[in-house]
Amino acid sequence: MKKTLGILLATVLAAASVTACGGSKPAETTAAAAGTEAGKEETAEAGTAGQASAELKELVVGASPAPHAEILEAAKGAMEAKGYKLVIKEYTDYVQPNLALDHGDLDANYFQHFPYLEQFCAENGTKLVSAASIHYEPFGIYAGKTASLDAVADKAKVAVPNDATNEARALLLLEAQGLIKLKEGAGLNATKTDVVENPKNLEILEVEAAQIPRSLQDVDIAVINGNYAIDAGLKVSDALAIEDAASIAATTYGNVVAVQEGHDKDEAVLALVEVLTSDEIKGFIEDTYAGAVVPLF
């Protein structure tokens, strides 16, 4: 009897042992399966994020550092929402960004006004067009050695941009202040040879536009492009005079997004124009530049 009970007890213990091992096995399998599923989910999420990033189409735009590149930076988020990665290449002159666009190194550029674009194409045989006009930058007369326009002396030195369209604009502003008088009809084609009255015998110095802010200490007054004034830390509120918003210059010299001929209706270009003429960008321009940059939309 004792022998029989011993055998029975051993059998029960063995069965319990087998049941315990069997119970732990499914638990391990379930955990492993859960881990595998979690891993699959993480991999799927990472793959989706990578795919979304890879699906952004690159749009390369050349720009002057300020305000153009700054405005484009403000547009990056909205462009991403439209499926584009906006790549900004900065230029500090007025020639290279048009040559780069013509050669296909850029998809667009944003740095120049329309009259300059037309002149550049005529002189260089490039086929570039405006996709849209975004803003204008009031030209200003800034003090160099002379602190006010009333104090401008006889034979004072006046720096103006040396490229044709910007020189005309500078001369028109000087004329509006009564410092010179231009030949009738000279308008937007004026050069210093069209000055017919110069009561103070001003010495008009033609200087490369980007260099004029650095020349202020060497001249009495200077007429400076809006973007170069911003670059130099000059405020439009400090200017001795600025273009009137209704002047021919202000209404003509809108800064444009330029592209190769035939590409002004490309999907990516239309997306860029839509973003740059949005209320968001208008607010950014008005809040950031305090009148030094004026939206045209």
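Okay, so let's go over this structure. (Residues numbered from 1 in each chain as written. Predicted model: local features only at pLDDT ≥ 70, side-chain atom pairs only at ≥ 80, totals over all residues. Heavy atoms only, no water.)

Thoughts on the pairing of strand β2 (residues 84-90)
Of the strand pairs in this sheet, strand β1 (residues 57-63) and β2 are connected by seven bridges, and their pairing is parallel. By the bridge assignment, Val60 is partnered in β2 with Val87. Of the crossover connections in this fold, the one passing from β1 over helix α2 (residues 65-81) to the parallel β2 is right-handed. (Pairing = 2+ DSSP bridges. Helix = DSSP H or I, 4+ residues; strand = E, 2+ residues; numbered from the N terminus. Right-handed = clockwise from strand over helix to strand, strands pointing away.)

Quick look at the nonpolar core
Ranked by internal contacts, the top residues of the largest apolar core, which has 49 residues, are Val61, Leu72, Met79, Leu86, Ile224, Leu272 and Leu276. The dominant element in this core, judged by the number of residues it contributes, is helix α9 (residues 267-276), at seven residues. The residues contacting Met79, other than those within four sequence positions of it, are Leu59, Tyr84, Leu86, Ala268, Ala271, Leu272 and Val275. By size, the runner-up hydrophobic cluster in this structure holds 25 residues, among which are Phe139, Val158, Ile180 and Leu202. (Core = buried A, V, L, I, M, F, W, Y, C linked by side-chain atoms within 4.5 Å. Buried < 20%, exposed > 50% of the residue type's maximum accessible area, 1.4 Å probe, protein only. Contact = heavy atoms within 4.5 Å.)

So, the pattern of salt bridges
A full pass over the atoms with the stated rule returns four salt bridges. Note that Glu73 and Lys76 form a salt bridge whose closest N and O atoms lie 3.5 Å from each other. In this pair, Glu73 and Lys76 are both assigned in helix α2, three residues apart and thus about one turn of the helix distant. A salt bridge links Lys183 to Asp194; the shortest N-O distance between them is 3.3 Å. Separated by eleven residues along the polypeptide, Lys183 in the loop between β7 (181-182) and β8 (195-197) and Asp194 in the loop between β7 and β8 bring together distant segments of the chain. (Salt bridge = Lys/Arg side-chain N within 4 Å of Asp/Glu carboxyl O.)

Some remarks on the sheet that holds β1
Here six strands make up an open sheet; going across it, the order is β2-β1-β3-β12-β4-β13 and the pairing mixed. Looking along the sheet, the strands with just one partner apiece sit at the ends: β2 and β13 (294-295). Where strand β4 (residues 128-136) and β13 come together, two bridges link them in antiparallel fashion. Across the sheet, Tyr136 pairs through a bridge with Val294, a residue of β13. Across the sheet, helix α4 (residues 114-124) touches β3 (108-113), β4 and β12 (255-260), and the angle it forms with β3 is around 110°. (Axes fitted to C-alpha atoms, helices over the stretch in contact; angles between N-to-C directions.)

So, α4
Taken as a whole, α4 has its buried residues at Pro115, Tyr116, Leu117, Gln119, Phe120 and Cys121. On its buried side, α4 packs onto α3 (96-102), β3, β4, α5 (164-176), α8 (248-252) and β12. Downstream of α4 by a residue or two, Gly125 has a phi angle that is positive, lying close to 70°.

What about the sheet that holds strand β9 (residues 203-207)?
Read across the open sheet, the five strands follow the order β9-β6-β10-β5-β11; overall the sheet is mixed. On the outer flanks of this sheet lie β9 and β11 (241-242), each paired with one strand and no other. Pairing geometry for strand β6 (residues 157-161) and strand β10 (residues 221-224), over two bridges, is parallel. Its bridge partner being in β10, Ala159 is matched across the sheet by Ala222. In this fold α5 packs onto β5 (140-143), β6, β9, β10 and β11, with an angle of close to 140° to the strand it touches most, β6.

Considerations on the packing of aromatic side chains
Considering all chains together, one arrives at six aromatic pairs under this definition. Measuring from centroid to centroid gives 6.5 Å for Phe111 and Tyr116, while their planes differ by 75°, and the two rings are edge-to-face. In this structure, Phe111 and Tyr116 share a single accessibility class: buried. Seen from their ring centres, Tyr116 and Phe120 are 6.2 Å apart, and the 45° between their planes marks the pair as tilted. Highlighted residues: Tyr116 and Phe120, both in helix α4, separated by four residues, approximately one helical turn. (Phe/Tyr/Trp six-rings, centres within 6.5 Å; stacked < 30°, edge-to-face > 60°.)

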